[in-house]
Amino acid sequence: MSLNHTPSGDRIHIGFFGRTNAGKSSLVNAVTGQELAVVSETKGTTTDPVYKAMELLPLGPVLVIDTPGIDDEGSLGELRVRKTKQVLNKTDLAILVIDSVEGITEIEKEMIALFEEKQVPYLSVYNKVDLTEDGLNIKSYVGAEKRQDICLGGIAVSASTKEGIHALKEKLAHFVKAGEYDSKIVGDLLHPMDIVVLVVPIDSAAPKGRLILPQQQVIRDILEAGAVSVVTKDTELKEALDKLEIKPDMVITDSQVFRKAAAVVPENVYLTSFSILMARKKGFLDTAVKGVLALDSIQDKDKILIAEGCTHHRQCEDIGTVKLPKWIREYTGKEPEFRFCSGTEFPEDLSEYRLILHCGGCMLNEREVRYRMKCAKDQKVPFTNYGIAIAHMNGILKRSVEILPNLCKVF
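Now for a description of the structure that goes with this document. Quantities reported herein were computed from a predicted structural model and do not represent experimental measurements.

### Some details on the pairing of strand 13 (residues 355-358)
In strand 13, alternate side chains face the same way, and those of L355 and L357 on one face and I356 and H358 on the other are all buried. For strand 11 (residues 303-307) and strand 13, the ladder comprises four bridges, and the chain directions are parallel. The residue bridging A307 from the neighbouring strand is H358, located in strand 13. Inspection of the sheet shows strand 13 paired to strand 14 (residues 383-385) by three bridges, in the parallel sense. Considered in strand 14, the bridge of I356 is made with F383. Viewed along the sheet, the connection from strand 13 through helix 11 (residues 366-378) into strand 14 turns out right-handed.

### Focus on the side chain of D99
Of note, D99 is situated in strand 4 (residues 93-99). Look at D99 and you get buried, because its relative accessible area is 5%. Discounting chain neighbours no more than four positions away, the residues touching D99 are R19, N21, A22, N127 and K128.

### A word on the pairing of strand 7 (residues 195-199)
Among the five residues in strand 7, five count as buried, and that is most of the element. Of the strand pairs in this sheet, strand 7 and strand 8 (residues 228-232) are connected by five bridges, and their pairing is parallel. For I195, the partnering residue across the bridge sits in strand 8 and is V228. In terms of strand pairing, strand 7 meets strand 9 (residues 250-253) through four bridges, oriented parallel. Bridge pairing in strand 9 places L198 opposite I252.

### Observations concerning helix 4 (residues 165-173)
Buried within helix 4 we find I165, L168, L172 and A173. When helix 4 is viewed along its axis, its buried side chains cluster within an angular range of 140 degrees and face the same direction. Tucked inside the fold, the buried residues of helix 4 contact helix 1 (24-32), strand 2 (50-56), strand 4, strand 5 (122-127) and strand 6 (151-156).

### What to know about the nonpolar core
One finds I252, L350, I356 and I388 to be the most contacted residues of the largest nonpolar core, which totals 75 residues. Sort the elements by how many residues they give to this core and helix 12 (residues 386-393) lands first, with six residues. Excluding residues within four positions of it along the chain, L350 makes contact with L305, I356, C375, A376, Q379 and V381.

### Quick look at the pattern of salt bridges
Should their charged atoms come close, side chains of opposite charge can pair. If you walk through the whole model with that rule in mind, you get 18 salt bridges. Its salt-bridge partner being E368, residue K90 comes within 3.8 Å of it at the nearest N-O pair. You can see K90 sitting in the loop between helix 2 (74-88) and strand 4 and its partner E368 sitting in helix 11, a full 278 residues away along the chain. In this structure E368 comes out as buried when scored by relative accessible area, which is 5%. R370 is the salt-bridge partner of E366, the closest N and O atoms lying 2.8 Å from each other.

### Considering the sheet that holds strand 11
Strands sit in the order 12-11-13-14 across an open sheet of four strands; the sheet is parallel. The sheet terminates laterally at strand 12 (337-341) and strand 14, the two strands that pair on one side only. Each strand axis lies, on average, 25 degrees off the axis of its neighbour in the sheet, ignoring direction. In the packing of helix 12 onto the sheet, the strands contacted are strand 11, strand 13 and strand 14, and the crossing angle to strand 14 comes to about 85 degrees.

### Thoughts on the state of the cysteines
A covalent bond between the sulfur atoms of two cysteines is what we call a disulfide. The tally for this structure, following the rule as stated, stands at zero disulfides. Here C341 is not cross-linked by a disulfide; its sulfur's nearest cysteine counterpart is in C359, at 9.1 Å.

### Brief notes about unusual backbone geometry
With a phi close to 65 degrees, N21 is a non-glycine residue in the positive phi region. Within the secondary structure, N21 sits in the loop between strand 1 (12-18) and helix 1. The phi angle at K380 is positive, at roughly 60 degrees, despite the residue not being glycine. Position of K380 among the secondary structure elements: in the loop between helix 11 and strand 14. Residue class for K380 comes out exposed when judged on its relative accessible area of 74%.

Calculation rules
Residues numbered from 1 in each chain as written. Predicted model: local features only at pLDDT ≥ 70, side-chain atom pairs only at ≥ 80, totals over all residues. Heavy atoms only, no water. Buried < 20%, exposed > 50% of the residue type's maximum accessible area, 1.4 Å probe, protein only. Helix = DSSP H or I, 4+ residues; strand = E, 2+ residues; numbered from the N terminus. Pairing = 2+ DSSP bridges. Right-handed = clockwise from strand over helix to strand, strands pointing away. Contact = heavy atoms within 4.5 Å. Arc of directions from axis to C-beta. Core = buried A, V, L, I, M, F, W, Y, C linked by side-chain atoms within 4.5 Å. Salt bridge = Lys/Arg side-chain N within 4 Å of Asp/Glu carboxyl O. Axes fitted to C-alpha atoms, helices over the stretch in contact; angles between N-to-C directions. Disulfide = S-S within 2.5 Å.

Limitation: the analysis is restricted to geometry and does not speak to function.
Here is the structure:
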């Protein structure tokens, strides 16, 4: 991932939903100005959600998602519908595509109810108005759209003639409030010319020739704050600190070497981790700090779900499937059962788990992370993340969040 590209997790996710052959894919192509989706008169052409990261002016960096028809039938259709609903969990703005010729049906009403239940802002887009008598003067459907804070209104367009497409894009642009999708990782905690030391271990599990996404993002955030970043491996941390003429203002470490970093970083220097900062950015740090206490009461046979937001080839030193289970067994003295999930797969039924241990969520947008957190909360399952758990098991959790004074009241 280049530093010049906005990560998918930081892009506004726009999902296109509707019945089969309502013209979703045609509308996606018209809005983006690209042939992103296959268009056909054959019913159910879109079989899986199609994702495309792009710049959509005047909105900015977005992730456009074209979904299968929500009214698809049969066993395969049920799978498509389930995937469509999974997409909704990560959607910042839903576009409900309505066939203007056929009008509103029970399917659209059910989708509106689902948008409102999940509190996903949505816009009703009446497509194919070139085939109607009223054309662009068609009225927005009123009645099913009960939540005015969720419903952004309606607009009439024609994907084939491009009528109304410019107006639609302008309407999308007004959805985003200034700064709403520009939350900082650490930059708002720094002052110009502060010195921040980043601890980046290089082992067999580290990607070849590059830094992982959270490390890239933190470096960029530090630079934008006008501060100075110093990057070193954990094996050179002590010598690097000794060579600095003044003490750094903060040390940010990979969670895997939290213990080693805490042993050499002076107590009067803020110490935290990339994972903790990512949890803060994604909006679940408070929950993670409270949820980690469940580790202290883990028993034999308790089930722990370790969830990652990305998929990657597992290494022998993989933190999620190897290191964390080992450290948890050592810390608790128990033999819990571990389950794993990654990428977009996340179980809806969490009732069998004693604890959910999630990654920092750098590849997921905030809405999806909050959805996962809410699923756990609704089912009364503690929810925490890698960095918080590792800090807690090493007895340095309070120190690791001292830079965030609002969290200190938890202790």
